[in-house]
Amino acid sequence: MKVLQVDVVVPVRNEERDLAPSIRRLVTYLRESFPFTARVTIADNGSTDATWAIAAGLARELAEVRAVHMELPGRGRALRAIWSESDAEVLAYMDVDLSTDLNALMPLVAPLLSGHSDLAIGTRLARGSRVIRGPRRELISRGYNMLLRTCMGARFSDAQCGFKAIRRDQARALLPLTQDTGWFFDTELLVLAERAGLRIHEIPVDWVDDLDSKVDVIATALGDLRGMARLGVGFARGTIQVPQLRGPSLAVPRSGVRPASSHALALQIARFAVIGVASTIAYVLLFLMLRVIMSAQAANVISLLVTAVANTAANRRVTFGISGRSNAARHQFKGLIAFGIGLALTSGALVALNAGSAQPGRGTEISVLIAANLVATVIRFLLYRHWVFGGPRRASDDWRADDEPAPSGPVQPFGSAVQLKAMTTQGERTS
């Protein structure tokens, strides 16, 4: 019996329409064009339609397919469960709609099987990718990945592409550290992998967006922001300890100490202005997107919060030359106080506008908010310069923050991965 090299997990929930044709297409590709031994695992998590019955039928019919049913929903929960129990050398997953061209599967897993890399991801945001999707999803995706790079020092380009793979030994070390059971699971695993020093390989993919996708974009985005906040707090407090599995951590870019003399006021203002313009554009776009589904005040709060966190992180590193994790949480906390001042100004502007006009136009709302944000921006710069990032700072602080090794600690065994009620139907493995 040959060793199983790749286990391709397809998480599904209420996908009775797409499941059978997608799995048949995937199996055909594996039989005709894939040079490695492979298995397809259908991970049904909490379906209430005929998905499980179809999955079980496919497992009986196709030797390469097995089906696992879990009562509770959650893509992250399903992947963690299946990957923790799999006997394959490489653990992969893809979305059931097969938005990614299957020809990218071999270059995705080959570097992992050869030992060149530890984790591989498909990316829709790199040069060479060909993507067909709407502007709304494109904006959200690019904004989210920008936040990851700015706030968490991430170096991977696309956290959300449903096309990833990881070596089994590295997965066993990192999966016990993950907590998310939903869509943020991908991002969490990638951030942990970078901090563990793992090598992440990126594959530009051809991607066609599924117009009938059941993903709630807004709920997913808010869940991702909560996940980022949880990780950031955990890293800052030291409650999340990531072992060094391969090489030096890439979570924080190394940089030399920038002398205080380089932080002339004019240069700081120029950098702050560039970041401010980018933040304002992101704020307006996010406000317009959220305004479709919520009130002006709610859209203002969320938009301002998201861009304020990114703005603080960007100014910390670019404008004021502070790198490393030392005092990052304290800086963000003070930055949120500055955010509160901006929120008071913009919310007050909206209240005044609504008091003077019963139904102000969307253009008028945007104009008033931009004016209020300009005032808030000036105040924020003064607070950043003299309070948030101000005060004496020793050069050795930067080097210590960059050079200190990531804390390591014992990795607790995950235990049985499928601890939920599970039924498994498995055909013969390909040989």
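Scoring rules and cut-offs
Residues numbered from 1 in each chain as written. Predicted model: local features only at pLDDT ≥ 70, side-chain atom pairs only at ≥ 80, totals over all residues. Heavy atoms only, no water. Helix = DSSP H or I, 4+ residues; strand = E, 2+ residues; numbered from the N terminus. Contact = heavy atoms within 4.5 Å. Areas by Shrake-Rupley, 256 points an atom, 1.4 Å probe, with all protein chains shown as cover. Salt bridge = Lys/Arg side-chain N within 4 Å of Asp/Glu carboxyl O. Buried < 20%, exposed > 50% of the residue type's maximum accessible area, 1.4 Å probe, protein only. Phe/Tyr/Trp six-rings, centres within 6.5 Å; stacked < 30°, edge-to-face > 60°. Lys NZ or Arg CZ within 6 Å of the ring centre and 35° of its normal. Pairing = 2+ DSSP bridges. Right-handed = clockwise from strand over helix to strand, strands pointing away. Arc of directions from axis to C-beta. Patch = residues over 30% accessible without salt bridge, like charges linked within 9 Å, V, L, I, M, F, W, Y side chains within 5 Å.

Once that is clear, we can look at the overall build of the protein chain. Looking only at helices and strands, the protein chain has 13 helices and ten strands in total. Taking the intrachain contacts of the protein chain between residues at least 6 apart in sequence as the baseline, contacts between residues at least 24 apart amount to 82%. Split by element, the accessible area of the protein chain, about 19400 Å² in all, is 58% carbon and sulfur.

Here we come to the pattern of salt bridges. Here the structure, examined in full by the defined rule, presents 14 salt bridges. Taking the shortest distance from any N to any O, the salt bridge between Asp 18 and Arg 17 comes out at 3.2 Å. Assessed through its relative accessible area of 55%, Arg 17 is described here as exposed. Residues joined in a network through salt bridges with shared partners are Asp 7, Arg 39, Arg 66 and Asp 87.

Under the counting rule described, the total for this entry stands at eight aromatic pairs. Here the aromatic rings of Tyr 384 and Phe 389 are separated by 5.3 Å at their centres, their planes lie at 50 degrees, and the arrangement is tilted. Each of the two residues, Tyr 384 as well as Phe 389, counts as buried. Among the aromatic side chains, those forming a connected cluster through ring pairs are Phe 272, Phe 320, Tyr 384 and Phe 389. A cation over a ring is seen here: Arg 124 above Trp 207, with NZ or CZ 4.6 Å from the ring centre.

Mapped onto the elements of the fold, Lys 334 is located in helix α11 (residues 328-356). Each C-alpha atom, one on Lys 334 and one on Tyr 384, is 8.7 Å from the other, the two residues being 50 residues apart in sequence. Sequence-distant contacts of Lys 334, defined by excluding residues within four places in its chain, comprise Trp 387 and Val 388.

Below, the discussion takes up the pairing of strand β7 (residues 163-167). Most of β7 sits out of view: four of its five residues are buried. Bridge count for strand β4 (residues 90-94) against β7 is five bridges, and the pairing is antiparallel. Note on β7: the bridge partner recorded for Val 90 is Arg 167. Where strand β5 (residues 119-123) meets β7, three bridges bridge the pair, whose relative direction is antiparallel. Within β7, the position partnered with Leu 119 by the bridge is Ile 166.

Here we come to the pairing of strand β2 (residues 38-45). Working note: regular strand, side chains alternate between the two faces of the sheet. For β2, a buried count of eight out of eight residues is recorded, marking the element as mostly surrounded by other parts of the structure. Of the two faces of β2, the one holding Ala 38, Val 40, Ile 42 and Asp 44 and the one holding Arg 39, Thr 41, Ala 43 and Asn 45 are both buried throughout. Note that strand β1 (residues 6-12) and β2 share seven bridges and pair parallel. From the neighbouring strand, Val 10 faces β2, where its bridge partner is Ile 42. Handedness of the β-α-β unit built from β1, helix α1 (residues 19-33) and β2 comes out right-handed. When β2 meets strand β3 (residues 65-70), the two strands line up parallel, connected through six bridges. Bridging across to β3, Val 40 finds its partner in Val 65. Each parallel crossover has a hand, and for β2 linked through helix α2 (residues 51-61) to β3 it is right-handed.

Relative to the assigned elements, Phe 389 resides in the loop between α12 (362-388) and α13 (395-403). Phe 389 gets classed as buried once you look at its relative accessible area, which sits at 8%. As a C-alpha pair, Phe 389 and Gly 335 span 54 residues in sequence and 9.3 Å in three-dimensional space. Excluding anything up to four places from it in sequence, Phe 389 contacts Thr 312, Asn 315, Arg 316, Phe 320, Ile 322, His 331 and Tyr 384.

A few words on helix α4 (residues 105-113). Along α4, the residues that are buried comprise Leu 105, Leu 108, Val 109, Pro 111 and Leu 112. Seen from one end, α4 has its buried residues packed into an arc of 160 degrees, which puts them on one side. Buried residues in α4 make contact with β1, α1, β4, β5, β7 and β8 (200-204). The first or second residue beyond α4 is Gly 115, which carries a positive phi of 90 degrees.

With that out of the way, let us pick up a nonpolar patch on the surface. On the surface, Leu 139, Val 277, Ile 281 and Leu 285 cluster together into a nonpolar patch covering about 330 Å² of accessible area. Per element, the largest residue contribution to the nonpolar patch is three residues, and it comes from helix α9 (residues 265-291). Tracing the backbone shows Leu 139 in helix α5 (residues 135-152). Given a relative accessible area of 36%, Leu 139 falls into the partly exposed group.

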